Amino acid sequence: MKTYKHILLAVDFSEDTPFIIQRTRDIALLNKAKISLVHVLDNIPMPDMSYGTIIPLDYEIENKLLEIEKNHLNHIGQELNVPENQRWLIWGSPEDEICTLAEKESVDIIIVGSHGRHGLALLLGSTANGILHHTPCDVLAIRLPK
Ligand code: AMP
């Protein structure tokens, strides 16, 4: 049976996150795998380096938001014993950045949450679905409680 040696857990800090953390811990223990952790900042404006660093309209608020996100990530990292250099906070589109990181870090499996969408939401697509179609590695979509 294939065992996973390197898990990448993608977290969006939603209320479901503790559920995915628990499942990831179990899977890591069973496989004796190491865990990396990623959160993609898709709601904080990205500095546009091609035009020099753009100072956002409300620079202080952006910095505070960034600090909050960093703290969230570090908190989860500590909970799962993820070394600091394996905690990733990246700007961009979640699907793209998670897939790029998985490849760069030679990850065996990406773990994400899945809401089991229906109707229009299903057509719009989920992060889990986007990742599944853009990464060569395995993807585990944890069904989140309703
Ligand atoms: P969604 O499709 O947006 O409902 O998200 C489903 C799952 O994708 C979440 O439970 C996370 O595992 C992952 N995810 C969504 N957004 C992000 C993000 N910005 N950074 C990291 N992971 C994310």
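For every chain, the first residue of the written sequence is number 1, and numbering continues from 1 along that sequence. Under the rules for a predicted model, residues below a pLDDT of 70 receive no local features and side-chain atom pairs below 80 are neither given nor counted, while totals for whole chains, interfaces and linings still include all residues. Excluding hydrogens and water, the side-chain figures rest on all heavy atoms present in the structure.

Novice: Residue-level account of the overall build of the protein chain, with values.
Specialist: Secondary structure follows DSSP: runs of H or I at least 4 residues long count as helices, runs of E at least 2 residues long count as strands, and numbering of each begins at the N terminus. Counting its regular elements, the protein chain contains five helices and five strands. When its helices and strands are written in sequence order, the protein chain yields β-α-β-α-β-α-β-α-α-β. A simple rule labels every residue: compare its accessible area, found with a 1.4 Å probe on the protein chains alone, to the largest value its type can have, and call it buried under 20%, exposed over 50%, or partly exposed in between. Within the protein chain, buried positions represent 37% of all 146 residues. Every residue pair with non-hydrogen atoms within 4.5 Å of one another is taken to be in contact. Within the protein chain, counting contacts between residues at least 6 apart in sequence, those at least 24 apart form 80% of the total. With the model as given, the accessible surface of the protein chain reaches about 9300 Å², and the carbon-plus-sulfur share is 56%. Computed by Shrake-Rupley with a 1.4 Å probe, the accessible areas treat only the displayed protein chains as cover when residues are assessed.

Novice: Residues and numbers for the confidence of the model for the protein chain, please.
Specialist: As a per-residue quantity, pLDDT reports the predictor's confidence and falls between 0 and 100. The predicted model of the protein chain has a mean per-residue pLDDT of 87, with 82% of residues at 70 or higher. Here helix α4 (residues 119-124) stands out as the least confident element of the protein chain, with mean pLDDT 57; strand β1 (residues 6-10) is the most confident, with 98.

Novice: Give a detailed account of the environment of Lys5, specifying residues and quantitative values.
Specialist: Locating Lys5 in the fold gives a position in the segment before β1. Sequence separation between Lys5 and Val107 is 102 residues, and the spatial gap between their C-alpha atoms is 7.8 Å. In contact with Lys5, not counting residues within four places along its chain, are Asn31, Lys32, Ala33, Lys34 and Asp108.

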